[in-house]
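If you want the building blocks of each chain, they are given just below.
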Amino acid sequence: MTSDRRLFTVLTATLSLALFAGAAAAQGVGSQRVGTSGGNFLKIGIGARAVGMGEAFVAVANDPSAIYWNSAGVASLIRSELAVSHTEWPADIGYEHIAYIMPSRKLGGSVGIQFGLLHTDIAQTTEEQPFGTGQTLTYSDWDAGLTYGRRLTDRLLIGVGGKLVHEDFGSDVGGPTLNTWLVDIGSIYYLGISSVRIGMALSHFGPDFQPSGDFTSATGEIRAYDNFSPPTTFRFGVAWEPIEKETQRLTTSLEFDQPSDNQLVAKGGVEYEIDRRFALRTGYNVNADEMKWSAGAGFYPTFGTTRGTLDYAFTDGGALGSVHRVSLGVRF
């Protein structure tokens, strides 16, 4: 067995053990009941390109959004890149994300930093003024993190990242807040058969979420807030370019995700790129009740040695309404 395959085997075992540990930890909140995890804003996919491919991106992960989908992917970037993403979520909720990836010879890999912000304004109401007092409350959650990815061999990339997470449960009206940390681990392995590669990632792994402080129950008791498992997700996927020429490239991707609080998810996506300047994408989530189908496009203008990116993605949210994403990027 070659050294890179040994490393890949070890990493696979590590990720699997971490997955089982996360599953075991989640038993404390009701045997992994659906929808019982905390930090659910972290489930919102980052980057219009990845979402346009149906979020089947763990084995692709070759742009700054890799910091979210698979931390190993940051090692595939050979130049510094900055990407900003905006998501129009249902119920007038916005999610902003910024990622910066910088290769470092001294560190032998690439370093990435990220910051995400979920925000919305809520009209204040009272029993006397059920249609609003004229004042609004601002609600926001955020996460900030640092990621390191390295190419160990010509076939194997690995990455690890850590992030701080803050959730606000109505602090403007006396509610609690939460601060915690989470870890991401990932790998990408090229099989040596055409461009076929396998990607694996364990995302949002860490301690249970528990809001600070306590509250008075309906019976007058002083109680601590319940704790909830993080939205840990194990991703496994394969990607391949059946067409890869100077003027066109077709990327296909298949992925299986296992969230800690839901059933196994199967996703597929494709991207067709023309002249390295324009791309069309689509993807499908087999198991989703809503938000099954996504599509998008990308445009890559070049200014001297600087390359820009403009990506858009549309997700059919069904009863939830359409979800729109726009990403802007620059490669220095």
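Quick caveat: nothing in here was measured; it's all calculated off a predicted structure.

### Some points on the overall build of the protein chain
Turning to step 1, where the next piece is worked out: The number of helices and strands found in the protein chain is 3 helices and 17 strands.
Turning to step 2, where the next piece is worked out: Relative to its full complement of 332 residues, the protein chain shows a buried share of 45%.
Turning to step 3, where the next piece is worked out: Total accessible area computed for the protein chain in this model is approximately 16,100 Å², and 60% of it derives from carbon and sulfur atoms.

### Details of the nonpolar core
In summary, soluble globular proteins display a tendency toward joint burial of nonpolar side chains.
Turning to step 1, where the next piece is worked out: Of all hydrophobic cores here, the largest spans 21 residues; its most connected members are Phe41, Phe57, Trp69, Tyr95 and Val165.
Turning to step 2, where the next piece is worked out: Elements with a minimum of two residues in this core: helix H2 (48-52), helix H3 (66-69) and strand E6 (177-190).
Turning to step 3, where the next piece is worked out: With 3 residues, the top contributor of residues to this core is H2.
Turning to step 4, where the next piece is worked out: What Trp69 contacts, discounting residues up to four positions off in sequence, is Gly45, Ile46, Ala50, Val51, Glu55, Phe57, Val58, Ala201, Ser203 and Arg235.

### Notes on the packing of aromatic side chains
Turning to step 1, where the next piece is worked out: Under the definition given, this model contains 5 aromatic pairs.
Turning to step 2, where the next piece is worked out: Summarising the aromatic geometry, the rings of Phe41 and Tyr95 are spaced 6.4 Å apart at their centres and angled 65° between planes, so their arrangement reads as edge-to-face. You can see Phe41 sitting in the loop between helix H1 (3-25) and H2 and its partner Tyr95 sitting in strand E2 (residues 93-104), a full 54 residues away along the chain. By the burial criterion, Phe41 is buried, and Tyr95 matches it.

### Re the environment of Arg307
Turning to step 1, where the next piece is worked out: Inspection of the secondary structure puts Arg307 in strand E16 (residues 306-315).
Turning to step 2, where the next piece is worked out: Residues Arg307 and Arg277 lie 30 residues apart in sequence; the distance between their C-alpha atoms is 9.9 Å.
Turning to step 3, where the next piece is worked out: In this structure, Arg307 is in contact with Arg276, Tyr300, Pro301, Thr302, Gly329, Val330 and Arg331, ignoring residues within four places of it in sequence.
Turning to step 4, where the next piece is worked out: A polar contact is formed between the side chain of Arg307 and the backbone oxygen of Arg276, at a distance of 3.1 Å.

### Considerations on unusual backbone geometry
Turning to step 1, where the next piece is worked out: A positive phi angle is found at Asp92, which is not glycine, with a value near 60°.
Turning to step 2, where the next piece is worked out: Residue placement: Asp92 occurs in the loop between strand E1 (81-89) and E2.
Turning to step 3, where the next piece is worked out: When its relative accessible area of 71% is taken as the criterion, Asp92 is described as exposed.
Turning to step 4, where the next piece is worked out: With a phi angle near 55°, Ser194 is a residue other than glycine that sits in the positive phi range.
Turning to step 5, where the next piece is worked out: By secondary structure assignment, the location of Ser194 is in the loop between E6 and strand E7 (197-205).
Turning to step 6, where the next piece is worked out: On the basis of relative accessibility, which here comes to 61%, the residue Ser194 falls in the exposed class.

About the thresholds
Residues numbered from 1 in each chain as written. Predicted model: local features only at pLDDT ≥ 70, side-chain atom pairs only at ≥ 80, totals over all residues. Heavy atoms only, no water. Helix = DSSP H or I, 4+ residues; strand = E, 2+ residues; numbered from the N terminus. Buried < 20%, exposed > 50% of the residue type's maximum accessible area, 1.4 Å probe, protein only. Areas by Shrake-Rupley, 256 points an atom, 1.4 Å probe, with all protein chains shown as cover. Core = buried A, V, L, I, M, F, W, Y, C linked by side-chain atoms within 4.5 Å. Contact = heavy atoms within 4.5 Å. Phe/Tyr/Trp six-rings, centres within 6.5 Å; stacked < 30°, edge-to-face > 60°. Polar contact = N/O pair within 3.5 Å; in protein donor to acceptor, adjacent residues only side chain to side chain.

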